[in-house]
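# Analysis of the macromolecular model
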Amino acid sequence: MDLQSRDIVIEAIIKKDINGAAKFHDLPYQERIKVINALDKKYLKKLTYIIKQAKKIRFHELNSRFLRVANEGIKTPVYVIDETLIEENMRVLRYVKDRTGCKILHALKAYASFATFPVMKVYLDGTCASGLNEARLGQEKFGKEVHTFAAAYRKDEFKKILKYSDVIIFNSFNQLERFIHITKKSNRQVGIRVNPGYGEAAADIYNACAPYSRLGIVYEIFKEGFLAYRDKIDGIHFHALCQQNADALKKILKSFEKLYGKYIRGLKWVNFGGGHHITRDDYDIELLIRLINEFQDKYKVQVYLEPGEASVLNAGVLIASVLDIVKNVMDIAIIDASAETHMPDVLLMPYRPFIIGSDKANEKRYTYRIAGPSCLAGDIVGDYSFDKPLKVGDRIVFTDMALYSIVKNTTFNGINLPDIAVLRKKGDIEVVRRFGYRDYMSRQS
Ligand SMILES: Cc1ncc(COP(=O)(O)O)c(C=O)c1O
């Protein structure tokens, strides 16, 4: 890369030209770092601004491709994942890496459709896993680093977990004591998960710092046990965010440092967990970068992040078809996708997914309850209104369905799992997985 291309990028940044973002992303690593080093605080902020704006515009432009796929007669139900949009998210995550030198792992628990891993692994440092199967998938399909954390490990699985992991993170000193010898003997790094003492997830079910949480050693126990293992522990891990912005991380870090700050120096790394909604339009990337840089400077450790949602945020949809319309006071559209089996977080979290072209009930002319085909009375996605009346065969496109849906779906009622399709970079659609009776049957006996 010659000086000229770097200068072109810098000039675009100075002019706040949105096209500068793509030019920056296309530079090789050393050149991107040179650009970053050549900019002062004011222009770095401009770079962040154009990167965020460019991503927003790309998502806006490309979203119509989902509608095109839906209307071109693809078999439903189907999750459609847009590889180009995933790459857009990846570029933002890599920008955080470039600005800070932190490492970013993709959390497989959120999304594990390996058909798109070739695009993702170019940008990230590896994966984080919740146990044996994810660790194996991480190593076999993603490669690079695999960091595994489980609330408790099974003895009969542990050797295999070691085979597939580079780092093992323990949730208690009992577990550490039980497995540290074999972990060290296998030349794997050892981490310990702590409770940072502060969390503010919207619902307790997602709050790893809620009262009586089993996730992470609490400070009172940590301070009694840590020193005995100090020379064998490579890093500390905490996870306390859920779909949150950098201001929440700032508060968590304050509490974490107050409790654990004196134990950090001399460690190799600190892992800030997942839940950072870095690729959301309103996410404060500059604050995240500042927090990571300050932390790394202060403690001389490598910071890791392990977001899952941020990797695939808004990069996939679930397309369903209307099977029937029934009436009980209101109109109810029964579709071939189910909240219970295909988008379980809709009922669990709970939340109301967005349907392209719809509005809240009664905002547009025709209101329907959108409901699934299962026996569960509560298999209801929500009430939505549309400009035109729905009819059998109409397509319903639920947005933001790549995360925590494919990894969590079930075959309850024997309902078939949706196909998985990838919208490739060139615009062609590839159905990478189709499910059938065997998939249902193989989970019974
Ligand atoms: C330990 C750990 N790391 C990473 C993640 C990924 O979080 P998210 O997908 O919200 O970014 C989670 C989510 O529960 C987690 O528990």
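Predicted model, so just to flag it, every value in this text is computed and none were measured.

## Quick notes on the overall build of the protein
Tallying secondary structure elements over the protein gives 17 helices and 17 strands in all. Overall size of the protein, expressed as C-alpha extent along the three principal axes, is 65 × 60 × 35 Å.

## A short note on the sheet that holds strand S9 (residues 302-305)
Strand order in the closed barrel made by the eight strands is S2-S3-S4-S5-S6-S7-S8-S9, with parallel pairing throughout. The sheet shows a mean angle of 25° between the axes of neighbouring strands, direction not considered. Here strand S7 (residues 235-237) runs beside strand S8 (residues 269-271); their pairing, made up of three bridges, is parallel. The residue bridging Gly-235 from the neighbouring strand is Trp-269, located in S8. Most of the contacts of helix H8 (residues 132-142) go to strand S3 (residues 126-129), to which it runs at about 170°, and overall it touches S3 and strand S4 (145-149).

## Quick look at the pairing of S9
Bridging between strand S2 (residues 103-107) and S9 involves two bridges; their strand directions are parallel. Opposite Ile-104, over in S9, you have Leu-305 as the bridge partner. As paired elements, S8 and S9 share three bridges and run parallel to each other. Among the inter-strand pairings, Trp-269 is bridged to a residue of S9, identified as Gln-302. Traced from S8 through helix H13 (residues 285-299) to S9, the parallel crossover comes out right-handed.

The rules we used
Residues numbered from 1 in each chain as written. Predicted model: local features only at pLDDT ≥ 70, side-chain atom pairs only at ≥ 80, totals over all residues. Helix = DSSP H or I, 4+ residues; strand = E, 2+ residues; numbered from the N terminus. Pairing = 2+ DSSP bridges. Axes fitted to C-alpha atoms, helices over the stretch in contact; angles between N-to-C directions. Contact = placed C-beta atoms within 7 Å. Right-handed = clockwise from strand over helix to strand, strands pointing away.

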